[in-house]
Amino acid sequence: MQTSPGTSLYPHLLAPLKVGRSTLRNRMIMGSMHTRLDMEENGLHKMAVFLAERARGEIGLIITGGYAPNTAGLIEPGGPILTEHAQARELQQVTDAVHRHDGKICLQILHAGRYARQEECLGPSDIRSRINRFPPRAMTPAEIEQTISDYVRCALLAREAGFDGVEIMGSEGYLINEFTVLRTNDRSDAWGGSAENRHRFPVELVSKVRAAVGQDFIIIYRISAIDLVEGGATGEEIVSLARKVEAAGADILNTGIGWHEARVPTIAYPIPRGAWRFAAARLKRAVGIPVVASNRINKPELAEEILAVGDSDLVSMARPLLADPHFAKKVREGNGGAINVCIACNQACLDLIFSDRSASCLVNPRACRETEFDEGPAATPRKVAVVGAGAGGLAAAAEASRRGHRVTLFEASDRIGGQLNLARAVPGKSEFDEMLRYFGGRIDEGGVDLQLNKSPTARDLGNGNFEAVVVASGVHPRIPDIPGIDHPKVVFYNDLLSGKRHAGHRVAIVGAGGIGFDVAEYLCHSQPDEGPKARGLDIAEFQREWNIDSSLTQPGGLAGDPLAPRSSPREITLLQRKATRPGVGLGVSTGWILRSSLAKRDVKILAGVSYQRIDDAGLHVLLDGVPRVIGADTIVICAGQVSNRELFDELSAAGVEAHVIGGAKEASELDAMRAVEEGMRIAQAL
Ligand code: NAP
Ligand code: SF4
């Protein structure tokens, strides 16, 4: 084993692994992600730069996003596909780029099956998914045989393109997974019925691909380790499939968790770290080939512990490699504390992809935009002031100091973080602390002069004291014009989440935006008159909450309805004036989790209200023109924010070079993603 400063801290993560005739330099895999980069102009070049950066960061193995083996398998028209020699030649720039940094790379072959968002949508049976408007047509036996041949062709083309192997995507509810379970396979021929028949498709696939590519090429099979849908596989069936796939020639068993249509969340921040390791551990006990644990593994200490106790042989991290391309290198250097940790927000990765844009990362806006950012120092170091140490100010100060500017960071309060400090009270959002830790470390490293409890005036910043000022002074809560707004029952969200004020048993929340929903979730998980605390997440509690059967005796690993009602310590009503569906602006991949959680706890959500007044009885509203009183002990105001931008206006008027970012620039639609990106980009331009 190569010795390095990290070896004593992370001996298991850093142990090389022999796979067939290849050797992986460590046990860390970058899991497959559909970034949409390859759908952009000059996309393959951008993809090559993106992946090369991860290989330079010493990841043990990279798995690409899914490539369809034929047009019916496309996830959407125009999606990645590998069916021709010309495409293989083009992909060589990607494999060359990774190999230049001694990396290894496998191409994932993914047939979308009934999830294909296109007219030509095929499945084992004609059973439509609730998440796809296109109904599938049941494949004929000839089409099944042809599809197997298409997988073989795709694997051979991947070898021609220089890949070290392929991953055959058998999980998440795509075609292969659909063949394996009764939920989506009601065939009565050789490809359906008994488990033996339902497993025939993946087993034939793996054995034919192995026969075609020889022993010199890695085959990873990604098995659905728990389906999390009604009518899914039992644990016994999963183990039986795993053993057959091993016998058919797979080198590594990767694990997928949950179908895309599952009503159980699998990767977002409300899921505890390491929540799914049990599913990999079951398989590791059943097969002889190396098994990969995946989902919500974001820190090296956790990854090391999973390997050390023998729950898996490798760990797969996809989003964590967006957040920090040099994750593995920092592990080898024993510098795990310097890793930019994925906070599982999904805001800049999945949510961008779901809105047809390329992925990036909230905590690392360089991700998938590597060609747009300059990594070198600034041509001329300058004296720069950054005012406000929230998300945007921290990013600006960290990046400006990295580029060699002399930076002073002013913060009015006694700590860095701004609005991020409020997030940790919300279940799961204590992950944001990682962001503060990371950026705090970077400003230390960059020698930033951090001045807490300081609110400099335009005069302090002007007069030649600084050559440029970045105003990141954030926002303050909007005070809605409701008679009785100064009633003692009224509490503003920042005072509630920071613990200055508490809420009683019956609560009305004015404003159903991102913060209104977060406040409701916080209140559902804290006792009346209890203050906020950083809420770590408990795996057993998470399993109870969503009715997960970790013994996998039940089909799909579900012990009951994931959306079954739960008790709440409070009666909560969430209100908005708009008549539109509340929560429509929440993240696509996380909003449904919040909505489900509140619905389970009987939180009432009212749209189209008009606020009349607040008094001892509670909140008086008009709903459809009819007066109504929402009886409440506490009325929490979450009515958006107003920019703090006076300083910027004063600096501009005084002729000082000033730049305004984040909430200070634009309070509406403020979010940490925009603030961090603006901070990074302005620091690049200084
Ligand atoms: P927001 O999403 O803009 O919501 C503000 C809410 O206040 C709306 O429901 C709005 O609805 C209401 N409102 C606006 N003006 C009002 C007034 N004068 N009187 C009464 N109600 C008023 O803002 P936010 O909730 O403060 O969140 C701030 C930002 O953080 C948002 O961009 C949000 O996306 C982000 N964030 C996101 C999440 C998440 O996605 N989970 C969580 C936290 C924060 P009506 O005007 O219809 O009443
Ligand atoms: Fe992780 Fe959020 Fe970055 Fe996605 S955007 S990779 S979830 S930190």
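Now for a quick tour of the structure. Model, not experiment: these values are computed from the prediction.

## Some details on the packing of aromatic side chains
The relation between two aromatic rings is expressed through the spacing of the ring centres and the mutual angle of the planes.
Right, so step 1: With the rule as written, the count across this model stands at 9 aromatic pairs.
Right, so step 2: Taken together, a centroid distance of 5.7 Å and an interplanar angle of 85 degrees make the contact between Trp276 and Phe542 edge-to-face. Of this pair, Trp276 sits in the loop between strand E10 (252-257) and helix H7 (277-284) while Phe542 is found in helix H18 (residues 539-545), placing the two residues 266 residues apart along the sequence.
Right, so step 3: For Trp276, a relative accessible area of 1% puts it in the buried group.
Right, so step 4: On the basis of relative accessible area, Phe542 is assigned to the buried category, the value being 5%.
Right, so step 5: Centroid distance Trp546 to Trp592: 6.5 Å. Interplanar angle 65 degrees. Geometry classified as edge-to-face.

## Focus: the packing of helix H12 (residues 391-402) against helix H22 (residues 672-685)
Right, so step 1: The geometry of H12 relative to H22 is characterised by a closest axis approach of 7 Å and an angle of 25 degrees between their N-to-C directions. Looking at the two axes, H12 sits roughly parallel to H22. In the crossing of H12 with H22, the sense of the turn from one axis to the other is right-handed. Listed contacts from H22 to Ala391, Gly392, Ala395, Ala396, Glu399, Ala400 and Arg402 of H12 are Ala672, Ala675, Val676, Gly679, Met680, Ile682, Ala683 and Gln684.
Right, so step 2: Of the residues that constitute the contact of H12 with H22, the class distribution is 10 nonpolar, 3 polar and 2 charged.

## Quick notes on the sheet that holds strand E16 (residues 468-471)
Through backbone hydrogen bonds, the strands of a sheet pair up, either in parallel or in antiparallel fashion.
Right, so step 1: As summarised here, the arrangement of the 5 strands in space is E15-E14-E13-E16-E27, forming an open sheet in which the pairing is parallel. Among the strands making up the open sheet, the edge pair consists of strand E15 (449-451) and strand E27 (658-660). Here the strands of the sheet are splayed against their neighbours by 15 degrees on average, with no regard to which way each runs.
Right, so step 2: Two elements, strand E14 (residues 406-410) and E15, share 3 bridges in a ladder whose sense is parallel.

Cut-offs and rules
- Residues numbered from 1 in each chain as written.
- Chains lettered and ligands numbered in written order.
- Predicted model: local features only at pLDDT ≥ 70, side-chain atom pairs only at ≥ 80, totals over all residues.
- Heavy atoms only, no water.
- Phe/Tyr/Trp six-rings, centres within 6.5 Å; stacked < 30°, edge-to-face > 60°.
- Helix = DSSP H or I, 4+ residues; strand = E, 2+ residues; numbered from the N terminus.
- Buried < 20%, exposed > 50% of the residue type's maximum accessible area, 1.4 Å probe, protein only.
- Axes fitted to C-alpha atoms, helices over the stretch in contact; angles between N-to-C directions.
- Parallel < 35°, antiparallel > 145°, perpendicular 65-115°, else oblique.
- Left-handed = near helix turned anticlockwise from the far one by under 90°.
- Contact = heavy atoms within 4.5 Å.
- Nonpolar A, V, L, I, M, F, W, Y, C, P; charged D, E, K, R; others polar.
- Pairing = 2+ DSSP bridges.

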